[in-house]
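The residues making up each chain are set out below.
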Amino acid sequence: MRFEGTLDIAAPRDRVWSFLTDPTQVTTCAPDVQSLDVSDPHHFKVVVRAGVGPIKGTFSMNVQFLELERPKHAAVLARGQAPGSAVQMVSNMDLSEFDDTHTVMEWSSEVTVSGMIQQVGARLMQGAADKITQQLFACIKTKLEASVPI
Amino acid sequence: MAVEIGGIGQSVKRKEDARFIRGRGNYVDDVKLPGMLYLDIARSPYAHARIKSIDTSKALAIPGVLAVITGKDLVPLKLEWMPTLMSDRQMVLPTDTVLYQAQEVAAVVATERYIAADGVAAIEVDYEPLPVVVDPIKALQPGATLVREDREQKDNHIWHWEVGDKAGTDKAFKDAEVVVKQDIYIPRIHVSSIETCGMVASFDKINGKLTVWMTTQAPHAIRTVIALVAGHLGLSEERIRVISPDIGGGFGGKVPVYPGYVLAIGASVLTGHPVKWIEDRSENIQADSFARDYHITAELAAKKDGTMQALRVKTVADHGAFDAAANPSKYPAGLFHIITGSYPFTKSFVEVDGAYTNKPPGGIAYRCSFRVTEAAFTIERLVDVLALEIKKDPAELRMQNFIPPTAFPYTSSLGWEYDSGDYGRALKLAMDKIGYAELRKEQAAKRAKGELMGIGISSFTEIVGAGPSKHFDILGIKMFDSCEIRVHPTGKAMVRLGVKSQGQGHETTFAQIVAEELGLPVGDIAVEEGDTDTAPYGLGTYASRSTPVAGGATAIAARKIREKAKLIAAHLLEASPDDIEWKDYKFQVKGVPAKSKTMQEVAFAAYTNHPQGMEAGLEAVDYYDPPNLTFPFGSYICVVDIDRGTGEVKVRRFVAVDDCGTIINPMIVEGQIHGGLTMGLAPALYEQINYDDDGNIQGGNFMDYLLPTAMETPSWETAKTTTPSPHHPIGAKGVGESATVGAPAAIANAVVDALAHLGVRHIDIPITPWKVQKILKEKGVAE
């Protein structure tokens with residue numbers, strides 16, 4: 001499945017970049033984070049609880065920055081597993097300066113889901129993905145657009 | 001008299017139903033033993049992945065989890081692989097790579113079923129996903145992702161098999177006046193028996209004896225397989241007892257050996273406790289052997305007047321990651337070369353190539369002898385394609401071409417010797433019963449008004465009763481079957497068989513054969529199957545072989561008893577055996593009906609007053625090696641109406657005329673046909689297991705895999721003709737699968753017939769409303 005979109009953030013590009021590429025900051029917006037373990041600047045491991053319809057599981061996600069071209073482009077590979085299910089996600093992000101205080105983020109994500117969630121939850125996947133994306137971006141906007149960094 | 005005995009031809013009520021309708025059946029999951037442990041299986045979420053590590057520590061930390069078994073644990077025992085029935089091998093548990101989604105990865109043994117499931121959830125496996133190939137045609141192309149790295153041969157080609165006269169067939173096509181060609185895909189489906197698979201394994205460490213209760217259609221063969229696979233660990237065949245209790249539907253899915261069985265036995269040997277493993281529904285659909293999945297290209301050559309001449313068929317068979325089908329050794333594509341069907345093609349050529357893909361293994365015969373549904377569907381569809389091409393009525397085209405009744409025994413151009421048949425009579429009866437001519441008039445009138453109605457015919461020929469030992473074996477074991485009869489002193493009998501009922505009603509029908517042969521009332525005859533410690537060796541029940549093979553053994557064993565009984569009767573009647581005749585279920589002195597002895601009197605004498613010099617007792621065993629297969633047939637006609645708004649196909653009427661030779665119990669046969677027709681309707685309109693490009697199953701539960709219910713099933717109309725098999729001891733041919741084999745083509749032909757005037761020539765099954773609506777839109781007739 002491919003997801004993509006554009007997000008306007010009322011914050012300078014450098015600040016947006018720093019937030020989105022810092023595991024400790026960006027994961028504050030991920031759903032239901034259980035733990036975070038940053039191994040090196042390019043790798044971290046995060047455990048999240050997520051669900052699709054009736055199937056809920058704790059996903060242990062290994063995240064790797066494949067490309068980091070500060071301050072405009074990043075690519076991320078995330079691979080995660082829950083009992084009986086697996087997810088792999090390749091995401092790309094491009095930041096452009098609308099002006100000094102506004103940043104435009106163009107993003108896309110190629111998601112492969114397999115196992116139980118795919119088998120039982122396929123019909124519910126789009127809805128679940130939309131919900132998680134909305135929450136994630138709302139959180140990112142709120143945090144970055146706050147006058148005082150939260 | 002006959003009614004009292006309950007012999008052949010009587011609709012005797014099923015003896016087994018007394019316990020089934022009261023909920024008192026005894027299935028594997030009903031077996032509960034003291035100290036029994038439970039096994040559950042962790043399965044791969046990926047269709048193809050490298051296993052980097054398996055962390056079992058969290059699972060083992062759960063109170064009640066006693067053991068976790070991984071592939072590495074099986075290596076020292078040489079149990080990480082097991083042979084399939086098709087000269088391939090299959091992983092019990094992987095040591096480094098998984099090859100399909102839902103493949104077994106590890107097993108948890110625990111004190112309770114729920115704890116075992118918790119243990120499975122706590123196992124952490126680190127996978128590295130690998131590229132996936134799900135399409136067998138792509139899998140056979142150069143450079144395709146390699147499924148089986150363990151093989152020496154580094155491609156996905158399993159085997160090539162061909163039969164027939166290639167050069168002669170090619171020439172016939174070159175010279176033909178008319179050639180039609182059709183690509184046909186028979187989708188992957190699943191037997192979906194109501195009872196899933198399972199086992200209780202109980203190893204007695206003191207005596208070294210293993211007893212297993214399991215859902216198997218072939219308990220004796222399984223015992224031998226266990227001895228072959230685990231003989232090196234001390235499990236020797238005389239100390240293995242396989243008990244196949246009541247089975248809730250098999251349909252071919254309970255013939256193979258699944259990894260769960262091996263794991264349950266291993267866990268019992270390891271722990272010294274009985275271990276129970278029962279699949280859940282999704283595991284059953286996702287990992288157990290599938291059926292069909294044939295990609296077929298079929299061509300038919302004919303004269304302009306419709307005379308059929310030659311048939312050429314090329315097929316790619318998708319076997320998933322392991323060739324775990326259950327065909328006779330000599331025939332990797334089963335009996336697919338029955339594909340010439342009811343027609344006297346003079347030249348034919350069939351070739352099949354097996355391919356590996358990242359999908360669950362199998363290729364079992366789902367209620368279709370061996371690959372006979374694929375064959376019957378293809379030829380019956382192709383005949384309709386020809387009818388359209390030369391603008392001839394499909395019934396007339398069939399009548400014109402049928403192998404005539406005078407031609408039997410008939411040897412087909414692909415080498416089968418058909419025993420008997422009268423195809424025209426069956427089709428005529430079906431046409432009369434449904435009112436064929438009237439229906440064609442109605443169709444024309446409806447077409448004029450824009451309404452869509454279709455009539456479809458299928459005049460199939462089946463091939464069952466495998467089989468003669470010169471051609472048929474599984475793992476080298478010849479496909480005979482057996483019956484042992486003991487007549488007790490009080491005139492009651494115990495009958496034991498090498499086959500195993502899964503709902504077919506053997507306890508009744510085999511008792512009827514014995515009743516007919518020995519003149520004992522059917523109620524006095526107990527039939528027992530499925531326990532390898534007591535029953536004679538046999539290859540089991542599948543491919544409609546019970547009546548053709550074990551039925552033959554039963555009749556002959558009974559006749560052996562009758563021969564001996566005749567000598568005892570002569571002794572009792574003080575007459576020469578030559579003067580004794582078997583009449584009205586009694587031994588009589590010829591011409592003196594008053595001087596007679598019943599079988600009960602003879603049985604008593606066999607133990608109390610047998611002639612000096614003769615062995616006491618009244619028992620017989622027969623291992624029956626059939627001289628040939630049997631060839632049941634039938635003609636089905638289906639009428640459908642299509643909703644131009646939704647694309648829904650509604651089966652308005654369905655007439656099934658079957659001919660299975662001598663009928664033992666008409667009520668049971670009718671039941672078999674009703675069930676079989678429903679199982680033929682299912683793939684025609686509803687069932688399919690699909691995979692996405694990542695190898696994710698798209699039909700792994702009953703939300704997505706659409707089994708027809710009473711709501712979808714039409715009211716079947718059945719009729720019969722009777723053409724006995726000349727070589728079978730009672731003339732019976734077997735009927736368990738005819739309807740599943742014959743029905744899909746009748747339904748598909750009816751749908752295509754409804755749309756033929758719009759230029760539609762073929763639609764692959766399942767013919768879903770979505771597919772039909774798409775066609776209606778393309779043709780501009782959707783409402």
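The structure displayed is predicted, hence computed values, not measured ones.

## Side note on the sheet that holds strand β24 (residues 481-487) of chain B
All names here are of chain B.
Line of reasoning, step 1. The strand order across the open sheet formed by 4 strands is β26-β25-β24-β30, and the pairing between neighbours is mixed. The open sheet is flanked by β26 (525-529) and β30 (619-624), the only strands paired with a single partner. When the angles between neighbouring strand axes are averaged without regard to direction, this sheet yields 15°.
Line of reasoning, step 2. Looking at chain direction, strand β25 (residues 493-497) and β26 are connected through 5 bridges and run parallel. What sits directly across from L497, in β26, is E529.
Line of reasoning, step 3. Taken strand by strand, helix α15 (residues 506-518) contacts β24, β25 and β26, and its axis lies near 130° from that of β26.

## Focus: the packing of helix α11 (residues 372-389) of chain B against helix α19 (residues 738-755) of chain B
All names here are of chain B.
Line of reasoning, step 1. It is the contact of α11 with α19, at a shortest axis distance of 8 Å, that shows an interaxial angle of 30°. Viewed along their axes, α11 and α19 adopt a mutual orientation that is roughly parallel. As for the relative orientation of α11 and α19, their crossing is right-handed in sense. Taken together, the residues of α19 that come into contact with α11 (itself represented by V372, T373, A376, F377, E380, R381 and D384) are T740, V741, G742, P744, A745, A748, N749 and V752.
Line of reasoning, step 2. Each residue belonging to the contact of α11 with α19 can be placed in one class, and the counts come to 8 nonpolar, 4 polar and 3 charged.

## Section: the domain arrangement of chain B
Residue and element names in this part refer to chain B.
Line of reasoning, step 1. Taken domain by domain, chain B consists of domain 1 (2-24 + 481-624), domain 2 (31-130 + 197-278) and domain 3 (290-466 + 628-778).
Line of reasoning, step 2. Using only C-alpha atoms to locate each centre, domain 1 and domain 3 end up separated by 37 Å.
Line of reasoning, step 3. In this complex, domain 1 contributes 23 residues to the contact, which on the side of domain 3 involves 23 residues.
Line of reasoning, step 4. Going through the elements one at a time, α15 and α16 (546-573) are the ones with two or more residues in the side of domain 1 that touches domain 3.
Line of reasoning, step 5. In terms of residues, the side of domain 1 that touches domain 3 owes the most to one element, α16, which gives 7 residues.

Here is what the cut-offs are and how they apply
Residues numbered from 1 in each chain as written. Chains lettered and ligands numbered in written order. Predicted model: local features only at pLDDT ≥ 70, side-chain atom pairs only at ≥ 80, totals over all residues. Pairing = 2+ DSSP bridges. Helix = DSSP H or I, 4+ residues; strand = E, 2+ residues; numbered from the N terminus. Axes fitted to C-alpha atoms, helices over the stretch in contact; angles between N-to-C directions. Contact = placed C-beta atoms within 7 Å. Parallel < 35°, antiparallel > 145°, perpendicular 65-115°, else oblique. Left-handed = near helix turned anticlockwise from the far one by under 90°. Nonpolar A, V, L, I, M, F, W, Y, C, P; charged D, E, K, R; others polar. Domains from an automatic or database assignment.

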